[in-house]
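Summary of the model geometry
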Protein chains: 2
Amino acid sequence: MTLPVGTDYDIRIEPIGATHFDWLRKRDYAGWVVLVDDHTRADCLPLIEAELAGTPTVIIEVPAGERFKHLDTCRFIWEEMFRGGVGRRWCCLNLGGGVIGDMGGFAASTYKRGIDFVQLPTTLLSQVDASVGGKLGIDFYDVKNSIGLFKDPIAVWVDTRFLATLPARELRSGYAEVIKHSLIADRQQWDEIREWTDLSAVNWTDIIPHSVRIKRDIVLEDPFEHGKRKALNFGHTIGHAVESYFLNRENRLLHGEGVAVGMITESWLSADRGTLAEEDLARITDYCLRVYGHQPIPRDCFDELIQLMRQDKKNERGEINFTFLARPGEAVVNQTATADQITRSLEYYNALGTS
Amino acid sequence: MTLPVGTDYDIRIEPIGATHFDWLRKRDYAGWVVLVDDHTRADCLPLIEAELAGTPTVIIEVPAGERFKHLDTCRFIWEEMFRGGVGRRWCCLNLGGGVIGDMGGFAASTYKRGIDFVQLPTTLLSQVDASVGGKLGIDFYDVKNSIGLFKDPIAVWVDTRFLATLPARELRSGYAEVIKHSLIADRQQWDEIREWTDLSAVNWTDIIPHSVRIKRDIVLEDPFEHGKRKALNFGHTIGHAVESYFLNRENRLLHGEGVAVGMITESWLSADRGTLAEEDLARITDYCLRVYGHQPIPRDCFDELIQLMRQDKKNERGEINFTFLARPGEAVVNQTATADQITRSLEYYNALGTS
C-alpha cells in the first residue's frame, strides 16, 4: 500500500521489488549510494541487490550499533562518498535500522548541501517510528541525536520480510512504539493489541501501516514539534533517561524496553494528576509487564535519572517536559512533574517487581 | 534600510544598534551565542557588546581564516555550545566574514536539529554575497563548502562600520562580487562602477544595498540553484579553480582576486562563443586589470586547473558548467566549454600581463 503524504514523499509498505526501482530510475539519478551496516549487508542487501544492476552504485558499510552513531562514522560516510565520486545528482538508500536511517539521512542531507535519500528501514522500530517524521542526526557530547536536522526522504520503503532477520528482543523493542501510537491516538487499536503477548503470531503487514499512519498524521500537523508532535514523546521522558542510564552498564536496555518503563511511570504520573483512570493505569502497567518483564531501577540512581531528564532538548524554561495520557487514545502535551512526583512514579514501578 | 524578503527574513543595512537588539529581544530567546574569530572579537565585537547585556550570552571564539573552516572547528563550536548550556530556544549571532557566517550558520542549523541564527557580516565579501542566499557549510575532503545545507537566517544585519577594520586587499577582494552582480544583472550599474578605481572613495552605504538586492532577487527566484541562480556563478568556474590552485602556494590569491581572473577568462569564452561583443570583453578585461592587476598563471598548471574545474559540485553529466555573459547586465546559465577553449582563455589572460 501507498500512504500519500502531501506531495512530499510516499511511504510504501510492500515487498521491495522492481516497481520501486523503476520509480527510482525514472528520477534519473547519476548513481546510487547504498548505506548498510555489517548486519544489513549480510541479511538485507541480498533481497534488493539484483535491482541495483545497471546503475553506478557505491556501497558504504559502517559497523552496526548505536555506539557508532557519531561524528567520526559520519565523517567516514562523507569521505567514502567523495572517494566513490558521488555527485549532487545521486541518491542515497539507507538500508538498516534507526541508526542507519538517522545517520545516513543526515550525511546525505549535508553532502554537497544535500542529496536525495530513501529510507529502507529494516527493524520494526525504524519501520513504525524512525523512518517517518524527518528527524535525522547523530549522537554527540553523550547526548542522543543532538546534532542533526529535519528533512524528509523522497520515499520510505517498508518491507516486512526484513523483520524475519531480527532477534526476538529487537522485535519486542520496536513493538513499544506500536503500543505508544495506540495509547496516544487510537483507543480501538489499544483495546485490540492489549490481548497480544506472542509477538511471533502478530501479522505485521496489518499493524505497521496502521501505526505508521498515526505517526505520519501527527507529524504532518506539526513537523517541527512545536505542539501536537510532542504527543509522540509519551513514555520517552523517563524512558530515554532509563535507556541512557543503562547504556554503559551490563544490563543494557534496548530503546523499547526503556520506553516500556517510561509508559508505565508516565501513566502513573498521568493518573496521579487525575487525568488517567486508575483502571487504565492498571491495564497499561499489566500489559507492559507481560510483554517486557520488570527491570529494577536502583533507588540510588533516581537523582541521576532526573538529572538526565533535565538535559533533554525538549525541555523549556527549566522544567521537565512530559506528555501525559488523558485516557487511552488521547495524549496531553506540555505537562510537567516535580522531582518528587517522578521519584514516586519510579517507586511505583519498582514495587511492581516485588508483587 | 530594510529589504523585505518574503516573510522569511529581513536584511537590514544600517548601523547595528538598540533597535536591532530590541527586535531580537521581542523574539524571547533563552540566550544568545555570539560566534567570533580572533579578529572580529577584537575589532567588531566592541561595537555591539553593550547591547548584549541582560541576556545570557555564550561567546565562542574560533581562529580566523578559511583554513579553519573545517569539521574539527565545527565540532569545537558544537562542544562549546553544549558546555555553555545552549538550548533549542537560543539564537546564534555570527559576527564575522564568510567563514564565520557559513560555518556558524551550519553549526547552528544542526545543533539540536537547528537553532535560529542571525548573520552579522563584517567583510565586504560577506556583506554583498555570503550572508544572503542560505548557503551554509564547511570545507571537507579538500573541497570548498562540500558539507553543508541551505537554510536562511532569521535576519542579516549589515553594518558598513565593520568595513573600516578591513585591510584594503580584503575590501578589493569583496568588490569583485559587486562587479559580478552588475555584470550579470545591471548594465547601468556596470557603466557607473567601471569608472571607479579608488575603492577608498566608494560610498559603500549606497552600493551594498544595490548589490544585495541583485543577489536576493536571483536567490528568491531559484533558492536551490536549479537554474537562474547559476547566474551568480559567473567568473567562479575558472575563478574557484585558480583560487584553489594558489591556495597552498606562496602567492595565495583571495577569493575576489581569483574571481577577477575568472571574470576575464569567462568573458573571453563568452566572446569566443559569439555572445559577448569584443568591445565589452575589452572593457571588462581592462577594468578588472586596473583594479586587480595581473597574476601570471603558469602554463604547466592548466591541466590541474581544468581537473579542479571538473570536480566542481555544480557540474552535471561530466561537463564543466559555466555561466557566460550575453552582454553586460545579462547572464546565460548552463553553458559549457572544452578543455581546449578553457586553455585558450587562460592564454588570453596570460598574454595580458606581457602587453
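Owing to the predicted nature of the structure, the values given are computational and were not obtained by experimental measurement.

**Here's the deal with the pattern of salt bridges**
- What the rule picks out here adds up to 55 salt bridges over all chains.
- Between Glu 79 of chain A and Arg 83 of chain A there is a salt bridge, and its shortest N-O distance comes to 3.8 Å. Here Glu 79 of chain A pairs with Arg 83 of chain A, and both are found in helix H4 (residues 71-83), just four residues apart, close to one helical turn.
- Judged by its relative accessible area of 47%, Arg 83 of chain A is partly exposed.
- In this structure, Glu 177 of chain B and Lys 180 of chain B form a salt bridge, with 2.8 Å as the shortest nitrogen-oxygen distance.

**Some words on the packing of aromatic side chains**
- This structure, assessed with the given rule, holds 28 aromatic pairs over all chains.
- Residues Phe 82 of chain A and Tyr 141 of chain B carry aromatic rings whose centres are separated by 4.9 Å and whose planes lie at 15 degrees to one another, so their mutual orientation is stacked. One end of the pair, Phe 82 of chain A, is in helix H4; the other, Tyr 141 of chain B, is in the loop between strand E7 (135-140) and strand E8 (143-150), on a second chain.
- Classification of Phe 82 of chain A by relative accessible area gives buried; the value is 12%.
- The exposure class assigned to Tyr 141 of chain B is partly exposed, which follows from its relative accessible area of 38%.

**Here's the deal with the UniProt feature "domain: 3-dehydroquinate synthase N-terminal" (unreviewed entry) in chain A**
- Cross-referencing UniProt, the feature "domain: 3-dehydroquinate synthase N-terminal" (unreviewed entry) maps to residues 60-172 of chain A in the present numbering.
- A helix fraction of 34% and a strand fraction of 30% characterise residues 60-172 of chain A, whose end C-alpha atoms lie 28 Å from each other.

**Focus: the packing of helix H7 (residues 168-185) of chain B against helix H11 (residues 255-272) of chain B**
Residue and element names in this part refer to chain B.
- Their axes nearest at 7 Å, the elements H7 and H11 cross at an angle of 40 degrees. Remark: the crossing between H7 and H11 carries left-handed chirality. Where H7 abuts H11, its residues Arg 169, Arg 172, Ser 173, Ala 176, Glu 177, Ile 179, Lys 180 and Leu 183 lie against His 255, Gly 256, Glu 257, Val 259 and Met 263.
- Classifying every residue of the contact of H7 with H11 gives five nonpolar, three polar and five charged.

**What to know about the side chain of Arg 113 of chain B**
- Structurally, Arg 113 of chain B can be placed in the loop between helix H5 (98-110) and strand E6 (116-121).
- Here Arg 113 of chain B is buried and forms no salt bridge, its nearest opposite-charge partner Glu 225 of chain A lying at an N-O distance of 5.4 Å.
- Not counting the four nearest positions on each side in its chain, Arg 113 of chain B is found in contact with Lys 135, Leu 136, Asn 145, Ser 146, Gly 148, Leu 149, Phe 150 and Lys 313 of chain A together with Arg 88 of chain B.

**Overview of the UniProt feature "domain: 3-dehydroquinate synthase C-terminal" (unreviewed entry) in chain A**
- The feature "domain: 3-dehydroquinate synthase C-terminal" (unreviewed entry), as annotated in UniProt, sits at residues 174-315 of chain A in this numbering.
- Between the C-alpha atoms that bound residues 174-315 of chain A there is a distance of 25 Å. The span itself is 63% helix and 0% strand.

**Observations regarding the relation of the copies chain B and chain A**
- The two copies are related by a screw motion: chain B maps onto chain A through a turn of 180 degrees and a shift of 0.0 Å along the axis, at an RMSD of 0.0 Å. In the structure described here, the two chain copies are related by an operation that fits a two-fold rotation axis.
- Both copies present the same face, since 100% of the interface residues in chain B are matched by interface residues at the equivalent positions in chain A.

Conventions and cut-offs
- Residues numbered from 1 in each chain as written.
- Chains lettered and ligands numbered in written order.
- Predicted model: local features only at pLDDT ≥ 70, side-chain atom pairs only at ≥ 80, totals over all residues.
- Heavy atoms only, no water.
- Salt bridge = Lys/Arg side-chain N within 4 Å of Asp/Glu carboxyl O.
- Helix = DSSP H or I, 4+ residues; strand = E, 2+ residues; numbered from the N terminus.
- Buried < 20%, exposed > 50% of the residue type's maximum accessible area, 1.4 Å probe, protein only.
- Phe/Tyr/Trp six-rings, centres within 6.5 Å; stacked < 30°, edge-to-face > 60°.
- UniProt positions renumbered as here; feature names shortened; annotations may be inferred.
- Axes fitted to C-alpha atoms, helices over the stretch in contact; angles between N-to-C directions.
- Left-handed = near helix turned anticlockwise from the far one by under 90°.
- Contact = heavy atoms within 4.5 Å.
- Nonpolar A, V, L, I, M, F, W, Y, C, P; charged D, E, K, R; others polar.
- Lys, Arg positive; Asp, Glu negative; His and termini not counted.
- Least-squares fit on C-alpha atoms with pLDDT ≥ 70 in both.

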